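# Examination of the molecular architecture
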Amino acid sequence: MDINVEADLAVTKAGHRGLYIPSAVDRNLSEDDGGVMEYTRRRHRFLGEYVHVDVSGDFTTFGKWSVSVIYFAFWIFLMFPNWFLPIGRPGIAMGGGLSMVVWRFVLLKTDHGPFFEAEKVIIMEPLFLLFGLMLTTIYLEKMERGGLFDKLRDSLDDPVNWKRSAKIMAMSTIGSAAVMNDSIVLIFSGVVVDLCVRHKVANSLPYLLSLATTANIGSALTMTGNPQNILIVSLAYDDISWTEFASNMVLPVLAATFVNSSLMFIYYASELFPGSTGFMQNLGIMFAGNRTPDMLAQEHAYYARQAAAKEGMVEEAATGWSIWSKIQVVVCVLFLTAFACGLDVCVVSIVAGAVLMVIASYKRQHFDPRTEHVEYDAE
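Conventions adopted
Residues numbered from 1 in each chain as written. Predicted model: local features only at pLDDT ≥ 70, side-chain atom pairs only at ≥ 80, totals over all residues. Heavy atoms only, no water. Helix = DSSP H or I, 4+ residues; strand = E, 2+ residues; numbered from the N terminus. Buried < 20%, exposed > 50% of the residue type's maximum accessible area, 1.4 Å probe, protein only. Contact = heavy atoms within 4.5 Å. Areas by Shrake-Rupley, 256 points an atom, 1.4 Å probe, with all protein chains shown as cover. Axes fitted to C-alpha atoms, helices over the stretch in contact; angles between N-to-C directions. Parallel < 35°, antiparallel > 145°, perpendicular 65-115°, else oblique. Left-handed = near helix turned anticlockwise from the far one by under 90°. Nonpolar A, V, L, I, M, F, W, Y, C, P; charged D, E, K, R; others polar. Core = buried A, V, L, I, M, F, W, Y, C linked by side-chain atoms within 4.5 Å. Patch = residues over 30% accessible without salt bridge, like charges linked within 9 Å, V, L, I, M, F, W, Y side chains within 5 Å. Salt bridge = Lys/Arg side-chain N within 4 Å of Asp/Glu carboxyl O. pLDDT = per-residue confidence, 0-100. Phe/Tyr/Trp six-rings, centres within 6.5 Å; stacked < 30°, edge-to-face > 60°. Polar contact = N/O pair within 3.5 Å; in protein donor to acceptor, adjacent residues only side chain to side chain.

### Quick notes on the overall build of the protein
Assigned secondary structure in the protein consists of 16 helices and 0 strands. Here the protein holds 379 residues, and the buried ones make up 37% of them. Look at the contacts in the protein between residues 6 or more apart in sequence, and 68% of them connect residues 24 or more apart. Accessible surface, the protein: about 22600 Å² in total, of which carbon and sulfur atoms supply 66%.

Put into structure tokens, the structure is as follows:
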């Protein structure tokens, strides 16, 4: 038996047993044996005897043009998702993938294209990791009362506009690097809008852009920050550890963060530094603690609202970190430590999500106030 086939079978059998044997794979495969693509497949996907083969020459002219048209239309729909049907990018991606699979089958039956095994080219690692990260983020957010996200929401509030924007940027950058940018933007966009309403902000765009831009920048720091990084690591020629990826990306992320923050503070200076006369005064506000009359008025109004709210509320017994916040912090620290130690990111994220799900369910069942069921139509 050929040595490459033996290696492939060894890895396949190990994969079925849940083991990983990198030494069983010959990294210097010839082009006849599949080259880099085949090496990548053997390391990261256990697909039996499936071998990647370039079959682009087996399509007829009609097959090539029709597939190209579907692919081009798919990207047009992705770039402009609301032009035709408002189904969103997830629906477009699913529809595009299914359309291509169905069309390849049609081409096969009409002798315009080669045989295609769609199920054997699906890369499962990004799907598992995305599921685990979304599960983790959702159940971090599920602990509405006394949870970690409550503390994060409160920490973003500030009477000074530029400080509020800077806090949003810092939270978005760190959060996107720790979990995933999509989750952070989805969860905290409502928080940012609520802060803008609370402070009667005329233009909420600087704060929403602070969230969105830094989420993209911060997500580039880690291999779990966004779906693109997840896919890159899944298809990497050699294994890349979580810490190695972060160490290579830390300088670009810091540089991009500095440029982005500078542009935000310069372009939206009138909103973030109300009453300021120019760039030099903005620097004095940021680094020397100066205040304009407009900023002082905003601060006084903010503290007056806080005092009025405290007088009208019954003082809560616990004002610090609740036990639920502390548990979430411990789970998150263990979650990131496991990533840094090189454990399987898919398994770690799913386990962390499952643990948080159990904790959130237990808290809701035994500690949260019961919902009162009122029958309005009862006589």
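Now, onward.
### Overview of the packing of helix H8 (residues 181-198) against helix H9 (residues 205-219)
Their axes nearest at 9 Å, the elements H8 and H9 cross at an angle of 160 degrees. As summarised for this structure, H8 and H9 are arranged roughly antiparallel, according to the angle between their axes. Seen from above, H8 lies across H9 with right-handed handedness. Where H8 abuts H9, its residues Asn181, Ile184, Val185, Phe188, Ser189, Val192, Val193 and Cys196 lie against Tyr207, Leu208, Leu211, Ala215, Asn216 and Ser219. Grouping the constituent residues of the contact of H8 with H9 by class yields 10 nonpolar, 4 polar and no charged.

### Points about the packing of H9 against helix H11 (residues 242-267)
Orientation of H9 relative to H11, taken along the N-to-C sense of each, is 165 degrees, at an axis distance of 10 Å. When the axes of H9 and H11 are compared, the pair comes out roughly antiparallel. Helix-helix and strand crossings are classified by hand; for H9 and H11 the assignment is right-handed. On H11, the residues that touch Pro206, Leu209, Ser210, Thr213, Thr214 and Ile217 of H9 are Val253, Ala256, Thr257, Asn260 and Met264. Classifying every residue of the contact of H9 with H11 gives 6 nonpolar, 5 polar and no charged.

### Focus on the nonpolar core
Ranked by internal contacts, the top residues of the largest apolar core, which has 50 residues, are Leu156, Trp162, Phe188, Leu211, Leu272, Phe273 and Phe335. When residues no more than four places from it in sequence are discounted, the contact partners of Leu156 are Arg164, Lys167, Ile168, Met171, Phe188, Val191 and Leu195.

### What about a nonpolar patch on the surface?
On the surface, Tyr71, Trp75, Phe77, Met79, Phe80, Trp83, Phe84, Leu85 and Ile87 cluster together into a nonpolar patch covering about 1000 Å² of accessible area. Counting through the fold element by element, Tyr71 comes out in helix H3 (residues 61-79).

### Examining the environment of Leu78
Inspection of the secondary structure puts Leu78 in helix H3. Leu78 sits 14 residues away from Ile92 along the chain, and the two C-alpha atoms are 6.6 Å apart. With near-sequence residues (within four places) excluded, Leu78 lies in contact with Arg89 and Ile92.

### Section: the confidence of the model for the protein
Mean pLDDT over the protein: 79, with 78% of residues reaching 70 or higher. Confidence scores differ between elements of the protein, with helix H1 (residues 3-16) showing the lowest mean pLDDT of 45 and H9 the highest of 93. Confidence over residues 1-25 falls short of pLDDT 50; this stretch has 31 contacts with residues more than four positions distant or in other chains. Counted against residues more than four places away or in other chains, residues 314-318, with its pLDDT under 50, gives 0 contacts.

### Re the pattern of salt bridges
A full pass over the atoms with the stated rule returns 4 salt bridges. For Lys167, the salt bridge goes to Asp158, with nearest N and O atoms at 3.1 Å. A relative accessible area of 12% means that Asp158 is categorised as buried. Of the charged contacts in the structure, one is a salt bridge between Arg291 and Glu299, with a shortest N-O distance of 2.5 Å. The structure contains a network of salt bridges with shared partners spanning Asp157, Asp194 and Arg198.

### Some remarks on the environment of Phe115
Along the chain, Phe115 falls in the loop between helix H4 (88-109) and helix H5 (124-141). Sequence-wise, Phe115 and Arg104 are 11 residues apart; in three dimensions their C-alpha atoms are separated by 8.2 Å. Residues contacting Phe115, with those up to four places away along its chain left out, are Arg104 and Leu108.

### A few points about the packing of aromatic side chains
The final tally for this structure, using the stated rule, is 8 aromatic pairs. With centroids separated by 6.3 Å and ring planes inclined at 20 degrees, the aromatic side chains of Trp162 and Phe273 adopt a geometry described as stacked. With Trp162 in helix H7 (residues 161-178) and Phe273 in the loop between helix H12 (269-272) and helix H13 (279-287), the pair connects residues that are 111 residues apart, well separated along the chain. Taking relative accessible area as the criterion, Phe273 reaches 2% and is therefore assigned buried. With a centroid separation of 6.0 Å and 75 degrees between ring planes, the pair formed by Phe265 and Phe273 is classed as edge-to-face.

### Comments concerning the side chain of Asp157
As for its placement among the helices and strands, Asp157 is situated in the loop between helix H6 (148-156) and H7. By relative accessible area, which is 12% here, Asp157 ends up buried. Separated by 3.0 Å, the side chains of Asp157 and Arg198 make a polar contact. Side-chain polar atoms of Asp157 contact the side chain of His199, separated by 2.5 Å. Leave out the neighbours within four places in its chain, and Asp157 touches Arg164, Lys167, Leu195, Arg198, His199 and Tyr302.

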